[in-house]
Amino acid sequence: MKKAVGPLLPAAFVLALLAAASAGGPPQSLDDRVRGFLDSQKGQWREENVTEADGRLLFDLILKKRYTRALEIGTSTGHSGIWQAWALSKTGGALVTIEIEEFRHLAALRNFRTAGLDGLIDARLGDARRIVADLAGPFDLIFIDADKNWTLNYFEALLPKLAPGGCFAVHNVSSLGYMKGIRDFLEKVRGLSFMDTTIDRSASGGMSLSFRRKIPA
Ligand SMILES: C[S@@+](CC[C@H](N)C(=O)[O-])C[C@H]1O[C@@H](n2cnc3c(N)ncnc32)[C@H](O)[C@@H]1O
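This one's a predicted model, so the numbers in the text were calculated from it and none came from an experiment.

What about the overall build of the protein chain?
Move 1: On a plain count of helices and strands, the protein chain comes out with 8 helices and 7 strands.
Move 2: Buried positions account for 35% of the 217 residues belonging to the protein chain.
Move 3: Within the protein chain, contacts between residues at least 6 apart in sequence are counted, and of these 73% link residues at least 24 apart.

Points about the site of the ligand
Move 1: Every one of the 20 residues lining the ligand counts as a neighbour, but Gly-74, Ser-76, Ser-80, Ala-128 and Ala-146 are closest to it.
Move 2: Of all the secondary structure elements, the ones that give two or more residues to the shell around the ligand are helix H4 (79–91), strand S2 (94–99) and helix H6 (128–131).
Move 3: Of the residues belonging to the shell around the ligand, the class tally is 5 nonpolar, 7 polar and 8 charged.

Description of helix H8 (residues 180–190)
Move 1: The set of residues buried in H8 consists of Ile-182, Phe-185 and Leu-186. On an axial view of H8, the arc spanned by its buried residues comes to 95°, and they lie on one face. In H8, the exposed positions angled more than 90 degrees off the buried face are occupied by Lys-180 and Glu-187.
Move 2: Next to the buried residues of H8 lie helix H7 (151–158), strand S5 (162–171) and strand S7 (207–212).

With respect to the confidence of the model for the protein chain
Move 1: Averaged over every residue, the pLDDT of the protein chain is 90; the share at 70 or more is 88%.
Move 2: Considering only residues more than four positions removed or in separate chains, one finds that residues 1–9, a stretch of pLDDT under 50, has 1 contact.

Section: unusual backbone geometry
Move 1: With an omega of -10°, the peptide bond running from Gly-137 to Pro-138 counts as cis.
Move 2: Mapped onto the secondary structure, Pro-138 falls in the loop between H6 and strand S4 (139–144).
Move 3: Located in the positive-phi region is Arg-66, a residue other than glycine, with phi close to 55°.
Move 4: Mapped onto the elements of the fold, Arg-66 is located in the loop between helix H3 (52–65) and strand S1 (69–73).

Quick notes on the environment of Gly-81
Move 1: Mapped onto the secondary structure, Gly-81 falls in helix H4.
Move 2: Taking the C-alpha atoms as reference points, Gly-81 and Ala-123, 42 residues apart in sequence, are found 9.3 Å from one another.
Move 3: With sequence-adjacent residues up to four places away left out, Gly-81 is seen in contact with Glu-72, Thr-75, Leu-95, Thr-97, Ala-108, Phe-112 and Ile-121.

Some thoughts on the nonpolar core
Move 1: Formed by 46 residues in total, the largest nonpolar core has its most connected members in Leu-141, Ile-142 and Ala-169.
Move 2: With 6 residues, H4 is the single largest residue contributor to this core.
Move 3: Excluding its chain neighbours within four sequence positions, the residues that come into contact with Ala-169 are Leu-141, Ile-142, Phe-143, Ile-144, Met-207, Ser-208 and Leu-209.

Concerning the environment of Leu-192
Move 1: In this fold, Leu-192 is placed in the loop between H8 and strand S6 (195–200).
Move 2: Given 16 C-beta atoms within a 10 Å radius, Leu-192 is considered partly exposed.
Move 3: Here the alpha-carbon distance between Leu-192 and Arg-212, two residues 20 residues apart in the chain, equals 9.6 Å.

Let's talk about the sheet that holds S5
Move 1: Pairing is mixed across the open sheet formed by 7 strands, whose spatial order is S3-S2-S1-S4-S5-S7-S6. Each edge of the sheet is formed by a strand with only one pairing partner; in this case those strands are strand S3 (121–125) and S6. Shown here is a sheet whose adjacent strand axes are inclined to one another by a mean of 15°, direction ignored.
Move 2: Summarising the sheet, S1 and S2 pair through 5 bridges and their orientation is parallel. Bridge pairing in S2 links Ala-70 to Leu-95.
Move 3: Of the strands in this sheet, S5, S6 and S7 are in contact with H8, which crosses S6 at around 135°.

Conventions and cut-offs
Residues numbered from 1 in each chain as written. Predicted model: local features only at pLDDT ≥ 70, side-chain atom pairs only at ≥ 80, totals over all residues. Helix = DSSP H or I, 4+ residues; strand = E, 2+ residues; numbered from the N terminus. Buried ≥ 20, exposed ≤ 12 C-beta atoms within 10 Å, placed from the backbone. Contact = placed C-beta atoms within 7 Å. Near = placed C-beta within 6 Å. Nonpolar A, V, L, I, M, F, W, Y, C, P; charged D, E, K, R; others polar. Arc of directions from axis to C-beta. pLDDT = per-residue confidence, 0-100. Core = buried A, V, L, I, M, F, W, Y, C linked by C-beta atoms within 7 Å. Pairing = 2+ DSSP bridges. Axes fitted to C-alpha atoms, helices over the stretch in contact; angles between N-to-C directions.

Shown next, in the form of structure tokens:
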């Protein structure tokens with residue numbers, strides 16, 4: 001009499017099923033992981049972080065312009081960095097971000113890892129005033145969210161590293177417009193014929209967006 005033989009599954013498929021089951025289900029996509037992390041942190045960003053709307057503004061800018069090389073001054077615990085790196089994951093890019101406070105830098109590293117974006121982020125600990133001089137560039141997006149009285153100095157140091165078509169963005173230019181560093185920066189950038197500057201007032205405190213023309217006027 002013939003033995004009853006059950007359906008045979010390839011061993012590799014069975015092993016993959018077992019691995020997925022022991023890991024709690026099928027692997028998450030990066031989008032699900034980032035979204036899940038951001039959802040879990042809603043209302044929890046307490047270290048001078050940007051709002052969700054401002055993070056989304058940076059996200060949309062990167063996707064719209066297909067930027068790939070981004071630099072941020074002022075990581076804090078990584079909220080804006082996560083939005084930027086998430087967008088960069090879709091354009092094939094990467095982010096360099098600088099923070100001077102060690103406890104914030106370390107928290108940002110943990111957040112980048114949990115969000116699954118650490119592979120796209122070069123997070124540096126130190127004084128951006130010094131570090132910017134050593135950055136090779138070019139960058140498509142430079143986002144200043146720190147040390148606002150130094151904004152003009154950051155602009156002068158980084159303008160040669162801003163790619164044609166790139167954007168130099170500064171957070172809180174309206175709410176902190178009384179600061180000399182911001183006033184001097186705005187006066188300087190508005191006087192340059194090859195830079196087009198607008199202020200996005202939908203951003204909290206206003207965000208200046210200065211685009212470098214592709215062909216100098
Ligand atoms: C407004 S918070 C940045 C928020 C961050 N972009 C976010 O949304 O999560 C400014 C950060 O810049 C840092 N900072 C201030 N001066 C700095 C400097 N010279 N170099 C690097 N980081 C600096 C502060 O420690 C602070 O964490």
